[in-house]
Amino acid sequence: MRGLLLDGLDKSFGATRVLRNVRLAVPPGEFVALLGPSGCGKSTLLRIVAGIEAPDAGRVTIDGRDVTRAHPGARDVAMVFQNYALYPHLTVRQNIAVPLMMRRLSAWRRVPVLGGLLPGTAAQRRDIQADVTRIAEPLGLAPLLDRRPAQLSGGQRQRVALARAVVRSPHVFLLDEPLSNLDAALRVTTRREIVDIHRRVGAATLYVTHDQAEALTMADRVAVMLGGEIVQVGTPTEIYENPVDLRVASFIGSPRINLLPAHAGEDGAVRLQGVATGLVTTARGKLTLAIRPEALEPAHSGWPALVEHTEYLGETTLLHARLDTTAVVLRAPVSQGFAPGQPVMLRFDPARALLFGEDGHRLPAHEAQHA
Amino acid sequence: MGNAARLAVLGLLALLFMAPYIWMISASLKPTDELFRAHMALIPERFAAIENYGRVLREVPVAQYLWNGVVMCGGILVFQLLFAIPAGYALAKLRFAGRDWVFGAVMLGLLVPAHVPALPLYVAFSGMGLLNSFAALIIPSTISVFGIFLFRQFFKSLPDELIHAARIDGMGEAAIVWRVVLPNAWPAATAFAIFSVVAHWNDLFWPLIVTTGQAYATPALGVLHFRTEEAGDDFAALMAACVIMTAPLVLAFLLAQRRFVEGIATTGLKG
């Protein structure tokens, strides 16, 4: 298969198992975000793909070639590091040229001074310079080519790192939290730039982040990684609307999804606090009813709750309330004006509610047929 | 005010440390009889520079000694860097079985004074018929455990990502050492170079053991030969010889002063 294929990867550091049987396929041209909280093993996975770390078991295949034990330089991958890892002693131009020099010039041609005397070296170096300029131009780096990394701002360094990574059109493009060192405003504009570069290069892109906003806005598909496992892979919509696991449901979404203890009777009807929800499932007994804050709304009838405090966000108000003993949060229209201590009735659309069994797995649910 | 006080203290200390050297220069300019007067004067009554320096230059193969010193120190430094930089890199950045043991051995090496292995080394060079050669002067000092230690500590501070990026860009370990690590370790390399050159230029012990005669005599040894064989009690000429032999180091230091101070400050060697 072309692109990147990870199969059954395992990795432990001492007694700690950081990766468990990780499988993932990224075809060329696809942007996959590897999303997970810090310490879930996502950076380790990226380092294994790059060849910086070796897996205990499993295979890494790039463009149909098994590269599990190959040198990082022989894998046709490029990587952007969190702290950029630019060569401090080289100018921007030289930094971007390094991957091309290492690949196109033979060891003899790279020897300082003497290499330049070999026939053909000058022409090859001119080609490299042309490629550097071609990649630097659209990133706005043209005026900075003769500066050193220390003389650049964080955002500029970031773009140099991107240019250095894509200049040789790698088959696989890896990014390790590339936006985490930028300020909030720059982060949003750089997202767009990274997606643009990905489109232009057409590589299989794997983007590691702990920021779900980045993953959901940038990626074609999101792989959610929790505790060393990839729990779900899907489009951003699937991940948000249709999580297969309670952990995914509660990891994705801000504010967090509301988790309410519910109960399915012998007839399969799901009841919240003894009141029928209009949902029917195949499971019986205790289960978790998960409702996104925007699917829960104040109404004239429903479940009684008590407002605890409110957060005014401009376009909506976040209403923090207590439903029986469970804290819930919902988005309410600003116009309704709630005050702490005020009782409120809550209602939700059964079509947008999710059911999870006691083991955390998603349960099938459908709306009860009203007579 | 604070500045002036600081300058005064520093100036006083500098004067104190430089006093013997200044006295040596002063003595090298005086006629011999003036040296033994009861009262001390820094400025000679009669300048005898031409006599003193002339005598040294006439009777001592100064150029030969200086050249020997340059070849020996240069040779030692080149090999020390050639071995210590890759070794320091391996100890700082590569993971291999037994690395901690090797580093322990390096630390142990730091504890052994250079004079301890002198006798076995002499026997070995004698056995190989290499006495009285540059090889005998250079080879025992080519591996500097201090250098390995210094570079290892400095390389530790380089971010791992830089090395990883270089590998992904297609560099092998040798290319990483010379193209990425060394260019970012100039302060350490300069500091080490100065320590090494000063130590070996002034070293009397080892050259005295493995060389005889003038052919391979280093500057320090040259001064010694001059004192015993030529100068006798002509201390003014002896001082002139000392000035000539130490001048290259002083000049080199003045030229590299800024880098030297930079290196000491960034490698944390001061104090």
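None of these values were measured; they are calculated from a predicted model. (Residues numbered from 1 in each chain as written. Chains lettered and ligands numbered in written order. Predicted model: local features only at pLDDT ≥ 70, side-chain atom pairs only at ≥ 80, totals over all residues. Heavy atoms only, no water.)

## Some details on the domain arrangement of chain A
Residues and elements named next belong to chain A. To keep it simple, the criterion reads: The start and end points of each domain follow an automatic or database-based domain assignment. Buried area: the sum, over both parts, of the accessible surface (1.4 Å probe) that disappears when the two are put together. Any pair of nitrogen or oxygen atoms within 3.5 Å is treated as a polar contact; in protein, a donor-acceptor pairing is required on top of that, and neighbouring residues in sequence qualify only through side-chain atoms on both sides. Working definition: helices are DSSP H or I runs of at least four residues, strands are E runs of at least two. Numbering for both runs from the N terminus.
According to the domain assignment, chain A consists of domain 1 (4–246) and domain 2 (255–367). With centres defined by C-alpha atoms, the gap from domain 1 to domain 2 works out at 41 Å. Interface of domain 1 and domain 2: buried area, both sides summed, is about 740 Å²; carbon and sulfur atoms make up 49% of it. If you sort the residues of domain 1 by the area they bury against domain 2, Y240, P243 and L246 come out on top, with a joint share of 67%. Put simply, domain 1 and domain 2 have six residue pairs in polar contact (both at pLDDT 80 or more) between them. In terms of residue count, the dominant contributor to the side of domain 1 that touches domain 2 is helix α9 (residues 236–241) (three residues).

## Remarks on the sheet that holds strand β6 (residues 77–80) of chain A
Residues and elements named next belong to chain A. Stated formally: The criterion for strand pairing is that DSSP finds at least two bridges linking the strands in question. What counts as an axis is a line fitted to C-alpha atoms, over the stretch in contact for a helix, and the angles between N-to-C directions run from 0 to 180 degrees.
Strand order in the open sheet formed by six strands is β6-β7-β8-β3-β9-β10, and the pairing between neighbours is mixed. Unpaired on one side and paired on the other, β6 and β10 (229–234) mark the two borders of the sheet. The mean inter-strand angle of the sheet, taken between neighbouring strand axes irrespective of direction, is 20°. Where strand β3 (residues 31–35) meets strand β8 (residues 204–209), five bridges bridge the pair, whose relative direction is parallel.

## Looking at the interface of chain B and chain A
Put simply, an interface is often sized by how much accessible area is lost when its parts join up. Note the threshold: Residue contacts are counted whenever heavy atoms from the two residues lie within 4.5 Å of one another. We define a salt bridge as a contact between a side-chain nitrogen of Lys or Arg and a carboxyl oxygen of Asp or Glu at a distance within 4 Å. Side-chain classes are defined by residue name, with Ala, Val, Leu, Ile, Met, Phe, Trp, Tyr, Cys and Pro counting as nonpolar, Asp, Glu, Lys and Arg as charged, and the others, Gly among them, as polar.
Taken together, the contacts link 17 residues of chain B with 25 residues of chain A. Across the interface of chain B and chain A, roughly 1700 Å² is buried in total on both sides, 60% from carbon and sulfur atoms. For the pair chain B and chain A, the number of links is two salt bridges. Here R164 of chain A ties to D169 of chain B by a salt bridge, and the two come within 3.9 Å at their closest N and O atoms. Inspection of the chain B/chain A interface yields nine residue pairs in polar contact (both at pLDDT 80 or more). Element by element, the count of residues in the side of chain B that touches chain A is highest for helix α9 (residues 160–168) of chain B, at seven residues. When its residues are assigned to classes, the side of chain B that touches chain A shows nine nonpolar, three polar and five charged.

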